[in-house]
Amino acid sequence: MKMNKIEHIGIAVKDLELSCNLYEKLLGVTPYKREQVFSEGVYTAFFRTGESKIELLQATTNESAIAGFIAKKGEGIHHIAFQVDDILAEMVRLKNEGFTLLNEEPKMGADNKLVCFVHPKGTGGVLVEICQELNIE
Ligand code: ZN
């Protein structure tokens, strides 16, 4: 098992509208999707640039991980997401390699995906997400 490619880069922002305007100018495209993820306490907007995507994340509650991140580090790159074919198998592989997973079960993330996060303490300070596309709309 391995990871296939960088699926998207997640960027924590304070104000999704302001940042959407900024990224529209920067990338020359408009977001293809906006979505609220209640389980994570975030509003998200997705931009597509060729094969890659940018996910902007704004906290909707103070308990959101994004709110904590912004308070500690300010706006900026929050996580790197890798696409996998079989998230369960990949979670087992990562655990066997000694990584700490932040959720024991895959959870429903934004953009129609099952996701799992890997603790940054074992990855050189980078929050890593692995995600598997769901074939449902
Ligand atoms: Zn993500």
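Preceding this paragraph is the structure being described.
Since the model is a prediction, treat every value here as computed from it, not as a measurement. (Residues numbered from 1 in each chain as written. Predicted model: local features only at pLDDT ≥ 70, side-chain atom pairs only at ≥ 80, totals over all residues. Heavy atoms only, no water.)

1. Here we look at the coordination of the zinc ion
For clarity, the threshold we go by: Note on donors: an N, O or S atom is included if it sits within 2.8 Å of the metal, or within 3.2 Å for Na, K and Ca, and water is never included, so sites can look incomplete. Only four donors with every angle between 85 and 135 degrees are called tetrahedral; only four or six donors with opposite donors over 155 degrees apart and all others between 65 and 115 are called square planar or octahedral, in that order; all others are irregular. In this description a helix means any DSSP run of H or I spanning at least four residues, a strand means any run of E spanning at least two, and both kinds are numbered starting from the N terminus. Burial here depends on accessible area, computed with a 1.4 Å probe over protein chains only, as a share of the maximum for the residue type. Under 20% is buried, over 50% is exposed, and the range in between is partly exposed.
Protein coordination at the zinc ion comes from H8 (NE2), E55 (OE), H79 (NE2) and E129 (OE), with a distance range of 2.1 to 2.2 Å. Around the zinc ion sit four donor atoms; with metal-centred angles ranging over 84 to 167°, the donor geometry is irregular. All donor residues of the zinc ion come from one chain, and their arrangement in sequence is H-x46-E-x23-H-x49-E. With H8 in strand β1 (residues 5-12) and H79 in strand β5 (residues 76-83), this residue pair connects regions lying 71 residues apart in the sequence. For H79, a relative accessible area of 2% puts it in the buried group.

2. With respect to the environment of H119
As a reminder of what qualifies: Residue contacts are defined here by distance: any two heavy atoms, one from each residue, within 4.5 Å place the two residues in contact. The term polar contact refers here to a pair of N or O atoms within 3.5 Å; inside protein, the definition further demands a hydrogen-donor-capable atom paired with an acceptor-capable atom, and it admits residues adjacent in sequence only when both atoms are side-chain atoms.
Examined against the element boundaries, H119 turns out to sit in the loop between β7 (113-118) and β8 (128-133). Along the chain, H119 and L101 lie 18 residues apart, while their C-alpha atoms are 5.8 Å from each other. Setting aside its immediate chain neighbours within four residues, H119 contacts T100 and L102. Within the structure, the side chain of H119 is placed 2.9 Å from the backbone nitrogen of K121, a separation counted as a polar contact.

3. Considering the state of the cysteines
Heads up, the condition is: Cysteine sulfur atoms are paired as a disulfide whenever they come within 2.5 Å of each other.
For the structure on display, the rule yields zero disulfides. The cysteine C20 is free of any disulfide, with C131 supplying the nearest cysteine sulfur at 19 Å. By relative accessible area, C20 is classed as buried at 1%. C131 takes part in no disulfide bond, and the closest cysteine sulfur to it belongs to C116, at a distance of 11 Å.

4. Details of the side chain of Q132
Counting through the fold element by element, Q132 comes out in strand β8. Classification of Q132 by relative accessible area gives buried; the value is 19%. Polar contacts involving the side chain of Q132 include one to the main-chain carbonyl oxygen of D85, which spans 3.4 Å. Filtering out sequence-adjacent residues up to four positions away, Q132 remains in contact with V84, D85, D86, I87, N112, K113 and L114.

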